[in-house]
Amino acid sequence: MKRRDALRGLALLTGGLVLVPSCDFSKEDILSAYQNLEVTPSLKQLLAEIADTIIPAGNLKGAADIEVQDFILVMVNDCMEIEAQQTFMSGLKSFDDFSKKSTGNKFGILTQEQRETLILEGLSTEDESQQTTKDFLRTTKRFTIQGFMVSEYMQTEVKPYSLIPGEYKGDVLIADLKPEKING
C-alpha cells in the first residue's frame, strides 16, 4: 500500500469519527426555553390542542390562535414549585394514555365534542389513579383562561384597556350604557 493512500484513508476515517458525535439519533429535542420542564414539540402541540378545546375559536380567536400554550408553559416553569411542575409534566405526558383509555383514540384525532367530554371527565374524575390527570387539567384550565384574558389580543382588540379612572361621563343615564360583550 502506498503512503499517500494510507494517509487519505486515515484522514477520511478521522473526519468520519469527528462527525459521528454530532449526529443525534434521539426521537425529539427538548425545548430549551423551559429550563425546569422537559417539553418536546409534540407535548407542546398536545397542550395547544387541550387549550384550544377549553377556549375554541368562534367569533373570537381560540386559545391556540394566540398561543396560550406558551403562556401556560412559562407560568408552570417560572411560577410553580418543583412538585407541582413534576405533577404537571407527568399529567401532560400521560394525557394521551388517558385519552386512549377513555375513548380508544389519541386526543389529536378526537372531534371537538369528544375532546370536551374527555376534558370534563378528567376534571370530574374521583378515581385516585387519575389524580395526576385531574391536577394537570385544573392547572391547564386556570392558566388557559388567565393567558387568554391577559393576552394582547383581548386587551387591544376585544376589550381595549383604559387607564383608571378612565373617561369621565358625568350625566349619563344607565339605560344608555352598553355592556361589554367579551364572550362573543
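Throughout, a residue's number is its position along its own chain's written sequence, starting from 1. Under the rules for a predicted model, residues below a pLDDT of 70 receive no local features and side-chain atom pairs below 80 are neither given nor counted, while totals for whole chains, interfaces and linings still include all residues. Only hydrogens and water are set aside; all other atoms, that is, all heavy atoms of the structure, feed into the side-chain values.

**Student:** Can you help me understand the packing of helix α2 (residues 41-54) against helix α6 (residues 112-124) in this one?
**Tutor:** When two helices pack together, their arrangement is captured by the angle between the axes and the distance separating the axes. In the contact formed by α2 and α6, the axes pass within 10 Å of each other and the chain directions differ by 95°. Put simply, α2 runs roughly perpendicular to α6. Contact residues: Glu49, Ile50, Asp52, Thr53 and Ile54 in α2; Gln112, Arg115, Glu116 and Ile119 in α6. When residues are grouped by polarity, Ala, Val, Leu, Ile, Met, Phe, Trp, Tyr, Cys and Pro land in nonpolar, Asp, Glu, Lys and Arg in charged, and all others, Gly among them, in polar. In the contact of α2 with α6, the residues fall into 3 nonpolar, 2 polar and 4 charged. Axes, fitted as lines to C-alpha atoms, cover a helix only where it is in contact. Angles between the N-to-C directions of the axes lie from 0 to 180 degrees. Helix and strand definitions follow DSSP, with helices as H or I runs of at least four residues and strands as E runs of at least two, each counted in order from the N terminus. Roughly parallel means an angle under 35 degrees; roughly antiparallel means over 145; roughly perpendicular covers 65 to 115; every other angle is labelled oblique. In what follows, a contact means two residues having at least one pair of non-hydrogen atoms within 4.5 Å.

**Student:** How should I be thinking about α2 in this particular structure?
**Tutor:** For the α-helix, the turn length of 3.6 residues means that residues three or four positions removed from each other point alike. For a helix, the expected span equals 1.5 Å multiplied by the residue count minus one. The end-to-end C-alpha distance of α2, which contains 14 residues, comes to 20 Å, matching closely the 20 Å that a straight helix rising 1.5 Å per residue would cover. Looking at the packing, one finds that the buried side of α2 touches α3 (68-79), α4 (82-93), α5 (95-103), α6 and α7 (131-149).

**Student:** When you look at a nonpolar patch on the surface in this model, what are you seeing that I'm missing?
**Tutor:** The patches reported here contain residues having more than 30% relative accessible area and no salt bridge. Joining distances are 9 Å for like charges and 5 Å for nonpolar side chains (Val, Leu, Ile, Met, Phe, Trp, Tyr). Using a 1.4 Å probe, accessible areas were evaluated by the Shrake-Rupley method; residue-level cover was limited to the displayed protein chains. What counts as a salt bridge is simple: a side-chain nitrogen of Lys or Arg found within 4 Å of a carboxyl oxygen of Asp or Glu. A contiguous nonpolar patch, built from Leu7, Leu10 and Leu13 and spanning about 310 Å² of accessible area, is present on the exposed surface. Of note, Leu10 is situated in helix α1 (residues 3-19).

**Student:** Got a minute to help me understand the packing of α2 against α3 in this structure?
**Tutor:** Running from amino to carboxyl end, α2 crosses α3 at an angle of 110°, the nearest separation of the two axes being 8 Å. Compared by their axis directions, α2 and α3 come out roughly perpendicular. Here α2 runs over α3; the crossing is right-handed. Every residue of α3 that contacts α2 at Lys44, Leu47, Ala48 and Ala51 is listed here: Gln69, Asp70, Ile72 and Leu73. Across the contact of α2 with α3, the residue classes break down as 5 nonpolar, 1 polar and 2 charged. Each crossing gets its hand from how the near helix is turned against the far one by less than a right angle, where anticlockwise is left-handed and clockwise is right-handed.

**Student:** Please explain the environment of Pro56 as it appears in this structure.
**Tutor:** Relative to the helices and strands, Pro56 resides in the loop between α2 and α3. To sort residues, take the accessible area from a 1.4 Å probe on protein chains only and compare it with the maximum for the residue type: under 20% means buried, over 50% means exposed, and anything in between is partly exposed. Classification of Pro56 as partly exposed rests on a relative accessible area of 37%. Each C-alpha atom, one on Pro56 and one on Gln112, is 8.9 Å from the other, the two residues being 56 residues apart in sequence. Discounting chain neighbours no more than four positions away, the residues touching Pro56 are Lys61, Gly62 and Gln112.

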